[in-house]
Every structure is written in C-alpha cells, then in structure tokens.
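What follows is the residue order along each chain.
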Amino acid sequence: MSEVKLAAETRTEFGKGAARRIRREAKVPAVVYGHGTEPLHIALPGHELQLALRTANVLLTLELEGKTQLAIPKAVQRDAIKGSLDHVDLLLVKSGEKVTVEVFVHTEGELAPGSFLVENVLNTLTVEAEATHIPESVTVSIAGLEAGASIHAKDIKLPKGTTLAIDEDAVVIQVLSAQAEEPAAEGESGDAAAEA
C-alpha cells in the first residue's frame, strides 16, 4: 500500500469563486470528514495530489498546522474536459481501523483452447481492510477455464487481514463461449424496411 505526505492549508473562503482562485494557485479544494468531527475544508497541492491519486486506495498523510492526520480518498471530482481535479472528499482514518473500500480485480492466465470470452461481471471487489494495509488490487487466475465456468467472490484469495464486504456468492468473473454472428440473408433487411 502506498502512503503519500501532503501539506494541507485550511480554507476560509467557500463557493465557486473561491474554488476557482484555489485552482488558479495550482491547488485543489478538499473536505476532510470522519470520526464524528466537523468537516474540515482544506486546499491541497494539485500536482502532488494528482500523482497520489494514480494509486488506488492511496493512504494520505495530511500535514496541517503542525499535526498529521491519515485519510483516504472517498470521492474525486474531475473536470470532464481537462481531466484536472476539481474537488476531493477525504475520509479520516486511524492506524488499525478497518475501512470498507473497493479494490480492482485483475485476471491472469490463458483460458482453455477454444473460442471463449472472459466477462468481468465485477471490475472491483468490496472488501474490508485495515486502513494502513489496504490492498491496491486482487489477482484471479483464469488459466484453463472453459465456457460455463465462473469465479465467485468467495473463490478469490484475499491478502491477510482483508475480508469480503459483499455477498460471497456474487459472481465476479464468468467464461462465455464466443458465438459468431450469422450474416443476414441478402436483401432481408432492406425488404423488411420497405414493407413497413
């Protein structure tokens, strides 16, 4: 698990105009909440935050007014065109505390010979893990699987200290047989449209 230190500044101005001013200074407006505390409005360095958020479930150490606090990203808002960060919601966590997060599911291996397709029914798996030991992803072997095979949440080996937070019988991956499309008979589609 990746941990990144960021210097945070308290925000006293709110609204669209204030948020634009913060972004012009290459910073990102953010809100930190959790543990029954009042939401704390802060500004974070934009470039460093952008780099940190490339890692799924990154643990952030926020340095604010001489104190440090641990937080994980809960919601990230990006500009639809530029892709830049508009706003981030962070959840306070403590070392040893269990949190519920989503981790990516990666597949490895080759299917059995034949015309088979892998369908990722779930791209992420909801798990509960210690805040300072959140896995970035889980890997599932699909080696030798044929059509009709499926992998359930309970079949996935999770890292030590991590437990499922979804139904253990939920289908995560299934293997389908590839079906070739039959070509339409000549003139079939045009004649049907003319008759209608």
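Each remark here, short or long, concerns the structure printed above.
Parameters and conventions
Residues numbered from 1 in each chain as written. Predicted model: local features only at pLDDT ≥ 70, side-chain atom pairs only at ≥ 80, totals over all residues. Heavy atoms only, no water. Helix = DSSP H or I, 4+ residues; strand = E, 2+ residues; numbered from the N terminus. Rg over C-alpha atoms; globule rule 2.2 N^0.38 Å. Buried < 20%, exposed > 50% of the residue type's maximum accessible area, 1.4 Å probe, protein only. Contact = heavy atoms within 4.5 Å. Areas by Shrake-Rupley, 256 points an atom, 1.4 Å probe, with all protein chains shown as cover. Lys, Arg positive; Asp, Glu negative; His and termini not counted. Charge placed at Lys NZ, Arg CZ, Asp CG, Glu CD. Pairing = 2+ DSSP bridges. Axes fitted to C-alpha atoms, helices over the stretch in contact; angles between N-to-C directions. Arc of directions from axis to C-beta. 1 Å grid on protein atoms, 1.4 Å probe; cavity = no way out; pocket = protein on both sides within 12 Å on 5 of 7 lines; lining within 4 Å. Points joined across faces, edges and corners; volume = space filled by probe spheres on them. Nonpolar A, V, L, I, M, F, W, Y, C, P; charged D, E, K, R; others polar.

Novice: For this particular structure, what's the right way to read the overall build of the protein chain?
Specialist: Broken down by element type, the protein chain carries 3 helices and 14 strands. The C-alpha atoms of the protein chain give 23 Å as radius of gyration, which overshoots the globular expectation for 196 residues (16 Å, by more than 25%). With respect to the principal axes defined by its C-alpha atoms, the protein chain has extents near 70 × 50 × 25 Å. Split into buried and exposed, the 196 residues of the protein chain put 31% on the buried side. A fraction of 64% describes how many contacts in the protein chain between residues 6 or more apart in sequence connect residues 24 or more apart. With the model as given, the accessible surface of the protein chain reaches about 12000 Å², and the carbon-plus-sulfur share is 48%. Placing the 18 positive and 30 negative side-chain charges of the protein chain at their respective mean positions leaves the two points 16 Å apart.

Novice: Please clarify how the sheet that holds strand β11 (residues 137-141) should be interpreted in this entry.
Specialist: Working definition: the strands of a sheet are paired by backbone hydrogen bonds and lie parallel or antiparallel to each other. Spatially, β11-β8-β10-β13 is the arrangement adopted by the 4 strands of the open sheet, whose pairing is mixed. Each edge of the sheet is formed by a strand with only one pairing partner; in this case those strands are β11 and β13 (163-164). Across 5 bridges, the pairing between strand β8 (residues 98-108) and β11 is parallel. When the sheet's bridge partners are listed, H106 is paired in β11 with T139.

Novice: Which parts of the structure should I look at to understand the sheet that holds strand β9 (residues 116-120)?
Specialist: An order of β9-β14-β12 is seen for the 3 strands of this open sheet, with the pairing classed as antiparallel. A strand with exactly one partner marks an edge of an open sheet, and here the two such strands are β9 and β12 (150-152). Averaged over all pairs of adjacent strands, the angle between strand axes in this sheet comes to 10 degrees, irrespective of strand direction. Both β9 and strand β14 (residues 171-177) contribute to a ladder of 5 bridges, which runs antiparallel. Bridged to E119 within β14 is Q174.

Novice: It is not clear to me how helix α1 (residues 16-24) should be interpreted in this structure. Could you clarify?
Specialist: Side chains that are three or four residues apart share a direction in an α-helix, a result of its 3.6 residues per turn. Inspection of α1 places A18, A19 and I22 among the buried residues, and these make up the whole buried set. Projected down its long axis, α1 carries its buried residues within an arc of 100 degrees, all on one side. Summarising the geometry of α1, the exposed residues directed more than 90 degrees from the buried face are K16 and R24. If you follow the buried residues of α1, they end up packed against β3 (27-34) and β4 (37-45). Following α1 by one or two positions, A26 has its phi on the positive side, about 65 degrees.

Novice: Got a minute to help me understand the pairing of β14 in this structure?
Specialist: When a strand is regular, its side chains alternate between the sheet's two faces. Where β12 meets β14, 3 bridges bridge the pair, whose relative direction is antiparallel. The residue bridging H152 from the neighbouring strand is V171, located in β14.

Novice: Would you mind showing me how to read the layout of surface pockets here?
Specialist: One simple way to see leftover space: roll a probe sized like a water molecule over the atoms. Of the volumes computed, that of the largest pocket is approximately 290 Å³. Within the residue set of the lining of the largest pocket, elements represented by two or more residues are β6 (67-78) and β8. With 5 residues, β6 is the largest single contributor of residues to the lining of the largest pocket. Residues that form the lining of the largest pocket fall into these classes: 8 nonpolar, 4 polar and 3 charged. Volume-wise, the second largest pocket comes out at about 190 Å³. With 3 residues, the top contributor of residues to the lining of the second largest pocket is helix α2 (residues 46-52). Grouping the constituent residues of the lining of the second largest pocket by class yields 3 nonpolar, 4 polar and 5 charged.

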